[in-house]
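So you can see what is in the structure, the chains are spelled out below.
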Amino acid sequence: MKLWVNGGLKDAEEARVSVLDHGMTVGDGIFETVKAVHGQPFALTRHLDRLTRSAAGLGLPEPDHDEIRRACAAVLEADPMPLGRLRITYTGGLSPLGSDRGTDGPTLVVALGESSRRPDTTAVITVPWTRNERGALAGLKTTSYAENVVALARAHDHGASEALFANTVGRLCEGTGSNVFVVVDGELHTPPLSSGCLAGITRALTVDWTGAKETDLPLDVLDRAEEIFLTSTLRDVQAVVRVDGRPLPAEPGPVTAKAMRVFAERAAADPDPR
C-alpha cells in the first residue's frame, strides 16, 4: 500500500505526518472520500470543489487541484482494486500546541483503501445529540469527527449502520456520514442545506437526477414517511428498512428503487458529472 504524503508516494510503513500537525492536535483539517471503480474516481471534480469550499470555511489555503489529481492518480495506479475508498486529507500543517496555526503550510495526504458494495437495505437509529446549523463548522467536511464516531458506535450497538441527527431546532438534518431522503404522500424530499447538513455529492446528484424537493422537515417525519433512503459516496442510494423500532417495507419501495436505478445508470454513464 502506498500513500501520497506532501508531494510524493510513500510506502505505508514509511508514510509520516508530524504528531504536531494541527489536524492531529486540534482537528484542524478537512477531507473528502471519493469512490474509485477500477481505478476511476467518481465525481472527483465535485469533490475537489467541495474541498475548496471547506478550506475557505476553515481559513485554510486553497488546495491545489492539479496536485491532488496527480496524487489520486498515483495512489490508484499503485494499488489497483475493483472498488476503492480514496481519502483526501488536507490539514493546517505543522503548528504549535493550541489553536494557533503555524507557518509551514498545509499537509496533504491521499490514501486508498479497498471497499465493497453496500447492501441494498439497512437500518438506522436517531440519536439525542444535535447538529448545530449555526456553528462555524456547519456544512463543512472537517476532520473534527468525534461526535460522528460516538453516534455511529451507538448505531452499531443497536444493530444499525447509521445514526440520524436533528438540528438545534428539531428539524431533520443528516446522518453521521450520509444524507437522508424521505417519501411523504408519494413525493421525495431531503433537508435543505440550511438545516446544517453536509452538501453531499451523492445528495446533490440525487436531487438533480430525481427531482427531489429540498424541504425543511421535522424529525418526526421519520415516523410517518412511506419510504426512507440514505445517500453517500460509498452507499450511493440505500433503502432504510427500520428506523429505531419502526419497521419499513423489507425491500426498497417504488420511489427508492427508481432513485437507485437512475443513480446507477447516470453514474455509470458519466464518471465525473459536473
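Provided above is the structure to which this section pertains.
Quick caveat, the model's predicted, so the values are computed rather than measured.

**A look at the side chain of K35**
Stage number 1. With respect to the helices and strands, the residue K35 is situated in strand β3 (residues 29-37).
Stage number 2. With residues near it in sequence (within four places) discarded, K35 still touches Q40, P41, F42, L83, G84, T233, L234 and D236.

**Concerning helix α2 (residues 44-58)**
Stage number 1. Between its first and last C-alpha, α2 extends 21 Å over 15 residues, near the 21 Å set by a 1.5 Å rise per residue.
Stage number 2. Counting buried positions along α2 gives eleven out of 15 residues, so the element sits mostly inside the fold.
Stage number 3. Buried residues of α2: L44, T45, R46, H47, L48, R50, L51, T52, S54, A55 and L58, and no others.
Stage number 4. The inward-facing, buried residues of α2 abut β3, β4 (40-41), α3 (65-78), β5 (83-91) and α5 (201-210).
Stage number 5. Looking one or two places after α2, you find G59, whose phi comes out positive at around 80 degrees.

**Quick notes on the pattern of salt bridges**
As a working rule, side chains carrying opposite charge can pair if their charged atoms are close by.
Stage number 1. This structure, assessed with the given rule, holds 15 salt bridges.
Stage number 2. Taking the shortest distance from any N to any O, the salt bridge between R46 and D208 comes out at 3.6 Å. Within this pair, whereas R46 is found in helix α2, its partner D208 is found in helix α5, the two being separated by 162 residues in sequence.
Stage number 3. The class for D208 is exposed, based on a relative accessible area of 52%.
Stage number 4. In this structure, E214 and R203 form a salt bridge, with 2.5 Å as the shortest nitrogen-oxygen distance. Of this pair, E214 sits in strand β12 (residues 213-214) while R203 is found in helix α5, placing the two residues eleven residues apart along the sequence.
Stage number 5. Here E214 falls in the partly exposed class, since its relative accessible area comes to 46%.
Stage number 6. Through salt bridges with shared partners, a single network forms among R117, R118 and D120.

Definitions and limits used
Per chain, the residues get numbers from 1 upward, laid out in the order the sequence is written. Whole-chain, interface and lining totals are the exception, using all residues; otherwise, since this is a predicted model, local features are given only for residues with pLDDT of at least 70 and side-chain atom pairs are given and counted only at 80 or more. To get the side-chain values, take all heavy atoms of the structure and skip hydrogens and water. Elements are defined by DSSP. Helices are runs of H or I of four residues or more, strands are runs of E of two residues or more, and each kind is numbered from the N terminus. Should any heavy atoms of two residues lie within 4.5 Å, those residues are counted as being in contact. Helix span, as expected, comes to 1.5 Å for every residue beyond the first. Only protein chains enter the accessibility calculation, which uses a 1.4 Å probe; a residue is then buried when its area is under 20% of its type maximum, exposed when over 50%, and partly exposed in between. Any carboxyl oxygen of Asp or Glu that lies within 4 Å of a side-chain nitrogen of Lys or Arg is treated as forming a salt bridge with it.

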